[in-house]
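Given next are the chains, with one letter for each unit.
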Amino acid sequence: MDSSQRDLASALVEHIEIGVIILDSALRIEYWNTFISQCSGKLLQQARRQPLTSIFPEADTPRLSKMVAQVREHGRHVYTQWRDDPYLIQLPLSVCGQPAPLMLQSTLLFPFTGADGQQRFGLLLYDTTEFARSNEQLDAALNTLSSKQIEQEQLLNKLEKANAQLLQSEKLAAIGQLAAGVAHEINNPIGYVFSNLKTLAGYVHDLLRIIDAVDGAASLDELRQLKRSLEYDYIRNDVEALISESEDGIERVKKIITALKDFSHIEEEQFRLADLHRGVDTTLNVVNNELKYKAEVIKEYGQLPAVECIPSQINQVMMNLLVNAAHAIEQFGRITLRSGHEGEWVWLEVEDTGKGIAPQLLNRIYEPFFTTKPVGKGTGLGLSLSYNIVQKHHGRIEVHSEVDKGSRFRIWLPVCQPPALQPGNAV
Ligand SMILES: Nc1ncnc2c1ncn2[C@@H]1O[C@H](COP(=O)(O)OP(=O)(O)OP(=O)(O)O)[C@@H](O)[C@H]1O
Ligand SMILES: [Mg+2]
């Protein structure tokens with residue numbers, strides 16, 4: 001370094017708003033810059049060769065000793081932020097242009113060797129008030145963030161609980177709806193089987209009278225007369241009709257009961273291989289009461305492999321889609337059920353010729369409690385529940401809808417569940 005460079009360096013040290021103190025190896029003051037003189041109100045001439053701690057007794061702290069020991073032992077720069085003890089040496093006066101005395105000091109103590117080969121220490125003192133302030137803001141922001149995170153976790157927990165309750169209550173609602181439909185469905189055939197039985201009892205009574213008369217009859221004509229008066233020919237025809245109608249009725253009740261048995265595996269929460277078509281047919285039987293006055297149901301099934309699923313839950317999804325389809329049809333329409341298989345995936349589709357869904361509502365239909373139905377008619381849970389179920393099956397729901405034309409809901413399900421999530425993954 002030539003003399004002009006040296007002049008530049010010392011001008012810089014004199015002007016910089018950082019305290020610079022040079023100490024000899026025994027921690028005696030050799031030099032300090034103008035900043036220290038101005039802020040401490042002490043004169044360098046009087047301080048020279050005096051120990052730092054006698055000029056600045058407040059610096060005589062365990063912390064300074066520790067810093068010095070570290071620098072001596074390891075020859076390293078030691079940096080401290082005097083956050084808790086705001087200063088190493090007191091600098092109570094403010095430099096002109098500085099807003100306030102330098103109070104919250106950070107320090108840097110480092111060893112160096114002078115041109116004369118002597119070991120020395122450089123001690124730099126600078127203000128970190130601003131830094132500390134922004135740090136505090138950062139800390140506060142971090143605290144807020146972490147408390148927000150805790151809140152969010154709690155909220156998530158609550159949501160999960162609510163979701164489980166929702167599933168439970170929707171199950172109950174579905175069972176209620178089912179029970180009402182089933183009662184109606186069974187009532188009808190039971191009604192006519194019962195009335196047929198009554199008529200048949202009357203016929204049997206008349207027939208027995210004819211047969212009993214055989215023994216006591218004086219002539220064949222008398223018997224013929226009785227037969228005619230009891231309208232035997234009519235009875236003969238009607239008996240067959242009544243019996244076949246009653247058999248149909250009983251058959252219908254049997255079908256409903258089988259469907260119910262299948263459907264009511266509602267507590268079953270295990271993934272297992274299932275025939276989806278059988279599930280859809282069962283569901284159709286259960287909701288037939290809702291559908292038959294609203295639509296003709298057309299099945300266009302493809303070939304499906306056995307699919308790993310929780311069958312009762314997939315039935316529930318299909319039931320929601322079918323009931324929604326029926327509700328969307330104002331007079332009488334068509335509901336088409338389709339299925340298909342593509343690689344690792346299968347799909348089930350319910351298409352209706354109902355009123356469709358307005359485009360701006362399409363992204364709201366899966367929201368819990370979103371319904372366009374009158375109070376008391378829809379809970380708005382059907383699709384949100386279906387969405388949940390399909391998601392738990394690692395599948396997805398697609399919807400395509402045109403106002404006044406109809407809607408098509410398609411659920412995609414993987415044929416096999418991902419290995420880690422296999423059996424017993426309850427929804
Ligand atoms: N096939 C469809 N055609 C037209 N709109 C539909 C159809 N499916 C669903 N939607 C619309 O989406 C809304 C939400 O359906 P979701 O099944 O979740 O509830 P909901 O049928 O109103 O009531 P819930 O099923 O609980 O009795 C319905 O109110 C309706 O506006
Ligand atoms: Mg619904």
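Look up: the structure comes first, before these words.
Okay, so let's go over this structure. (Residues numbered from 1 in each chain as written. Chains lettered and ligands numbered in written order. Predicted model: local features only at pLDDT ≥ 70, side-chain atom pairs only at ≥ 80, totals over all residues. Heavy atoms only, no water.)

1. Quick word on the overall build of the protein chain
Thought 1: Summing up its helical and strand segments, the protein chain has 11 helices and 12 strands in all.
Thought 2: Expressed as a percentage of the 427 residues in the protein chain, the buried residues total 37%.
Thought 3: For the protein chain, the proportion of contacts with a sequence separation of at least 24, taken over those separated by at least 6, is 65%. (Helix = DSSP H or I, 4+ residues; strand = E, 2+ residues; numbered from the N terminus. Buried < 20%, exposed > 50% of the residue type's maximum accessible area, 1.4 Å probe, protein only. Contact = heavy atoms within 4.5 Å.)

2. Topic: a nonpolar patch on the surface
Thought 1: A cluster of nonpolar residues, Val204, Leu208 and Ile211, forms a patch on the protein surface that exposes about 270 Å² of accessible area.
Thought 2: Looking at the secondary structure, you find Leu208 in helix α6 (residues 129–216).
Thought 3: With relative accessibility at 46%, the residue Leu208 sits in the partly exposed group. (Patch = residues over 30% accessible without salt bridge, like charges linked within 9 Å, V, L, I, M, F, W, Y side chains within 5 Å. Areas by Shrake-Rupley, 256 points an atom, 1.4 Å probe, with all protein chains shown as cover. Salt bridge = Lys/Arg side-chain N within 4 Å of Asp/Glu carboxyl O.)

3. Describing the pattern of salt bridges
Thought 1: Evaluation of the coordinates by the stated rule reveals 14 salt bridges.
Thought 2: Of the charged contacts, one joins Glu349 and Arg338 as a salt bridge, the two residues approaching to 2.7 Å between their closest N and O atoms. Of this pair, Glu349 sits in strand β10 (residues 345–352) while Arg338 sits in strand β9 (residues 333–342), and the two are 11 residues apart along the sequence. Across the pair, Arg338 and Glu349 agree in class, each one buried.
Thought 3: Between Glu351 and Arg338 there is a salt bridge, with the nearest N and O atoms lying 2.8 Å from each other. One end of the pair, Glu351, is in strand β10; the other, Arg338, is in strand β9, with 13 residues separating them in the sequence.
Thought 4: Using a relative accessible area of 22% as the deciding quantity, one classes Glu351 as partly exposed.
Thought 5: Salt bridges linked by common partners bring Glu300, Arg338, Glu349, Glu351, Arg408 and Arg410 together as one network.

4. A look at the site of ligand 1
Thought 1: Every one of the 18 residues lining ligand 1 counts as a neighbour, but Thr371, Thr372, Lys373, Thr379 and Leu383 are closest to it.
Thought 2: Within the side chain of Lys373, one N or O atom sits 2.6 Å away from an oxygen atom of ligand 1.
Thought 3: At a separation of 3.3 Å, a nitrogen atom of ligand 1 approaches a polar side-chain atom of Ser407.
Thought 4: Its free accessible area being 600 Å², ligand 1 has 91% of it covered by the protein chains.
Thought 5: Listed by contribution, the elements that provide at least two residues to the shell around ligand 1 are α10 (311–328), α11 (382–392) and β12 (406–414).
Thought 6: When the residues that make up the shell around ligand 1 are grouped by side-chain class, the tally is 7 nonpolar, 9 polar and 2 charged. (Near = heavy atom within 4 Å. Polar contact = N/O pair within 3.5 Å; in protein donor to acceptor, adjacent residues only side chain to side chain. Nonpolar A, V, L, I, M, F, W, Y, C, P; charged D, E, K, R; others polar.)

5. Overview of the layout of surface pockets
Thought 1: Approximately 250 Å³ is the volume attributed to the second largest pocket.
Thought 2: Contributing to the lining of the second largest pocket are Leu156, Leu159, Glu160, Ala162, Asn163, Leu166, Tyr366, Pro368, Phe369, Ser384, Tyr387 and Asn388.
Thought 3: Looking at the lining of the second largest pocket, the elements that each hand over two or more residues are α6 and α11.
Thought 4: No other element matches the 6 residues that α6 contributes to the lining of the second largest pocket.
Thought 5: Class assignment of the residues belonging to the lining of the second largest pocket gives a composition of 8 nonpolar, 3 polar and 1 charged.
Thought 6: For the lining of the second largest pocket, the two domains that each supply at least three residues are domain 2 (157–263) and domain 3 (265–427). (1 Å grid on protein atoms, 1.4 Å probe; cavity = no way out; pocket = protein on both sides within 12 Å on 5 of 7 lines; lining within 4 Å. Points joined across faces, edges and corners; volume = space filled by probe spheres on them. Domains from an automatic or database assignment.)

6. What to know about the side chain of His277
Thought 1: Relative to the assigned elements, His277 resides in helix α9 (residues 276–291).
Thought 2: Judged by relative accessible area, His277 falls into the buried class, the value being 14%.
Thought 3: Residue contacts for His277: discarding those within four places in its chain leaves Tyr301, Gly302, Leu304 and Ser339.

7. Considering the side chain of Ser246
Thought 1: Inspection of the secondary structure assignment puts Ser246 in helix α8 (residues 232–263).
Thought 2: Owing to a relative accessible area of 11%, Ser246 belongs among the buried residues under this scheme.

8. Some words on a negative patch on the surface
Thought 1: A surface patch of like charges, here negative, comprises Glu245, Glu247, Asp248 and Glu251.
Thought 2: Inspection of the secondary structure assignment puts Glu245 in helix α8. (Lys, Arg positive; Asp, Glu negative; His and termini not counted. Charge placed at Lys NZ, Arg CZ, Asp CG, Glu CD.)

9. Re the nonpolar core
Thought 1: Ranked by size, the top nonpolar core spans 38 residues in total, and within it Ile335 and Ile411 carry the most contacts.
Thought 2: Only α9, β8 (307–309), α10, β9, β10, α11 and β12 provide two or more residues apiece to this core.
Thought 3: Among the elements that line this core, the one with the most residues is α10, at 9 residues.
Thought 4: Setting aside its immediate chain neighbours within four residues, Ile335 contacts Leu291, Ala295, Glu296, Val297, Ile298, Leu322, Ala325, Ala326, Ile329, Val350, Glu351 and Asp352.
Thought 5: Within the second largest apolar cluster, 27 residues are counted, among which are Ile36, Cys39, Val78 and Ile89. (Core = buried A, V, L, I, M, F, W, Y, C linked by side-chain atoms within 4.5 Å.)

10. Describing the sheet that holds β10
Thought 1: The strand order across the open sheet built from 5 strands is β7-β9-β10-β12-β11, with neighbouring strands paired in mixed fashion. Strands at the two margins of the open sheet, each flanked by one partner only, are β7 (295–300) and β11 (396–402). Mean inter-strand twist for the sheet, computed between neighbouring axes without regard to direction, equals 15°.
Thought 2: Note that β9 and β10 share 8 bridges and pair antiparallel. Paired with His341 across the bridge in β10 is Val346.
Thought 3: Its contacts with the sheet put α10 on β9, β10 and β12, and the angle it makes with β10 is roughly 25°. (Pairing = 2+ DSSP bridges. Axes fitted to C-alpha atoms, helices over the stretch in contact; angles between N-to-C directions.)

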